[in-house]
Amino acid sequence: MKKDLSLKQREQLLDTLKTRFEKNRNRHKGLEWAKVQAKLEANAKKLWSLNEMERTGGEPDVVGYDKKTGDYIFYDCSAESPVGRRNVCYDREALESRKENKPENSAVDMATAMGIALLTEEQYRELQQLGNFDAKTQSWVKTSPEIRKLGGAVFCDRRYGHVFLYHNGAQSYYAGRGFRGALKV
């Protein structure tokens, strides 16, 4: 897969990200778009990953700034779990364990191919402080090795004004369950 964007694709993505940034200032108080854009323009690989987040319906937006590293933090901020990343089991091991009715992909494999990381439970809860996400869908989150060794994986959603963490077999997949990603730039 080609991991470069054309000039036109870069311009369109930067315009989309800028519009979203300005529309949702509550997600990144005190941050300036010009500084974010300069960082993005200096890193074509990360820009490609953001484009993949956008292309699959994630609507990435800046949600923070890491003062230690100087990185801007992007999360998928679509209202529901990104539509282009649903109907997937948790990881490659889970995918290979299915004998019948295999999904096309896994959350971990897709995230890796996109150059992003699955949100952790903590990051998912941070995201929920910025709005109401996954009121109708669910999102796989990074699962601890201990749970994964036992065949499970965890996912989250928001119902009744609360964020819930659930478990399921890692090989399970549903039309309403996908994953959200994070990217540092």
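The coordinates are above.
Just so it is clear, the model here is predicted, and its values are computed rather than measured. (Residues numbered from 1 in each chain as written. Predicted model: local features only at pLDDT ≥ 70, side-chain atom pairs only at ≥ 80, totals over all residues. Heavy atoms only, no water.)

(A) The sheet that holds strand S2 (residues 71–76), seen in detail. Ordered in space as S1-S2-S8-S3, the four strands form an open sheet in which the pairing is antiparallel. This sheet does not close on itself; its edge strands, each paired only once, are strand S1 (60–66) and strand S3 (117–118). Pairing geometry for S3 and strand S8 (residues 181–184), over two bridges, is antiparallel. Each bridged residue has a counterpart across the sheet, and for leucine 118 the counterpart in S8 is glycine 181. Across the face of the sheet, helix H3 (residues 44–55) comes into contact with S1, S2 and S8 while running at roughly 160° to S8. (Pairing = 2+ DSSP bridges. Helix = DSSP H or I, 4+ residues; strand = E, 2+ residues; numbered from the N terminus. Contact = heavy atoms within 4.5 Å. Axes fitted to C-alpha atoms, helices over the stretch in contact; angles between N-to-C directions.)

(B) Representation of the packing of helix H1 (residues 7–23) against H3. Relative orientation of the contacting elements H1 and H3 amounts to 70°, with a least axis distance of 11 Å. Considered as vectors, H1 and H3 are oriented roughly perpendicular to each other. Viewed along their axes, H1 and H3 form a crossing whose handedness is left-handed. Here Arg10, Leu13, Leu14, Thr16, Leu17 and Arg20 of H1 lie close against H3, whose contacting residues are Leu47, Leu50, Asn51 and Glu54. Of the residues contributing to the contact of H1 with H3, the split by class is five nonpolar, two polar and three charged. (Parallel < 35°, antiparallel > 145°, perpendicular 65-115°, else oblique. Left-handed = near helix turned anticlockwise from the far one by under 90°. Nonpolar A, V, L, I, M, F, W, Y, C, P; charged D, E, K, R; others polar.)

(C) Expanded view of the side chain of asparagine 24. Among the structural elements, asparagine 24 can be located in the loop between H1 and helix H2 (33–41). Look at asparagine 24 and you get buried, because its relative accessible area is 17%. Polar side-chain contacts of asparagine 24 include one of 2.9 Å to the backbone oxygen of arginine 20. (Buried < 20%, exposed > 50% of the residue type's maximum accessible area, 1.4 Å probe, protein only. Polar contact = N/O pair within 3.5 Å; in protein donor to acceptor, adjacent residues only side chain to side chain.)

(D) Region of the structure containing the packing of aromatic side chains. For the structure shown, the criterion picks out six aromatic pairs. Plain terms: the ring middles of phenylalanine 155 and tyrosine 166 are 5.1 Å apart, the flat faces sit at 20° to each other, and that makes the pair stacked. Placement of phenylalanine 155 in strand S5 (residues 152–159) and of tyrosine 166 in strand S6 (residues 162–169) is noted, with a sequence separation of eleven residues between them. Using a relative accessible area of 4% as the deciding quantity, one classes phenylalanine 155 as buried. Between arginine 177 and the ring centre of phenylalanine 155, over which it is positioned, the NZ or CZ distance is 3.5 Å. (Phe/Tyr/Trp six-rings, centres within 6.5 Å; stacked < 30°, edge-to-face > 60°. Lys NZ or Arg CZ within 6 Å of the ring centre and 35° of its normal.)

(E) A look at the side chain of serine 78. Within the secondary structure, serine 78 sits in the loop between S2 and helix H4 (92–97). From its side chain, serine 78 meets the backbone oxygen of glycine 57 in a polar contact 3.4 Å long. Each residue touching serine 78, except ones within four places of it in the same chain, is listed here: Gly57, Gly58, Glu59, Phe133 and Arg180.

(F) Quick look at the packing of H1 against H2. Remark: H1 packs on H2, axes separated minimally by 11 Å, with the N-to-C direction vectors making an angle of 150°. On the basis of the axis angle, H1 is roughly antiparallel to H2. When the axes of H1 and H2 are compared, the crossing they make is right-handed. For the pair formed by H1 and H2, the contact residues are Leu14, Leu17, Lys18 and Phe21 on the first element and Trp33, Val36, Gln37, Leu40 and Glu41 on the second. Here the contact of H1 with H2 is built from residues that sort into six nonpolar, one polar and two charged.

(G) Seen up close, the nonpolar core. If you look at the biggest cluster of nonpolar residues, it comprises 34 residues, and the most contacted ones within it are Val36, Leu40, Leu50, Phe74, Trp140 and Phe179. Secondary-structure elements contributing two or more residues to this core are H1, H2, H3, S2, H4, helix H5 (107–114) and S5. Within the second largest apolar cluster, 13 residues are counted, among which are Ile73, Val154, Cys156 and Ala182. (Core = buried A, V, L, I, M, F, W, Y, C linked by side-chain atoms within 4.5 Å.)

(H) Representation of a nonpolar patch on the surface. Taken together, the side chains of Tyr160, Phe164 and Tyr166 define a hydrophobic patch exposed on the protein surface, amounting to about 360 Å² of accessible area. Counting through the fold element by element, phenylalanine 164 comes out in strand S6. (Patch = residues over 30% accessible without salt bridge, like charges linked within 9 Å, V, L, I, M, F, W, Y side chains within 5 Å. Areas by Shrake-Rupley, 256 points an atom, 1.4 Å probe, with all protein chains shown as cover. Salt bridge = Lys/Arg side-chain N within 4 Å of Asp/Glu carboxyl O.)

(I) Local environment of H2. Residues of H2 that are buried include every one of Trp33, Val36 and Leu40, and no others. Along H2, the residues classed as buried sweep out an arc of 65° about the axis, all on the same side. Relative to its buried face, H2 has exposed residues pointing more than 90 degrees away, namely Ala34 and Glu41. Elements in contact with the buried residues of H2: H1, H3, S1 and S2. (Arc of directions from axis to C-beta.)

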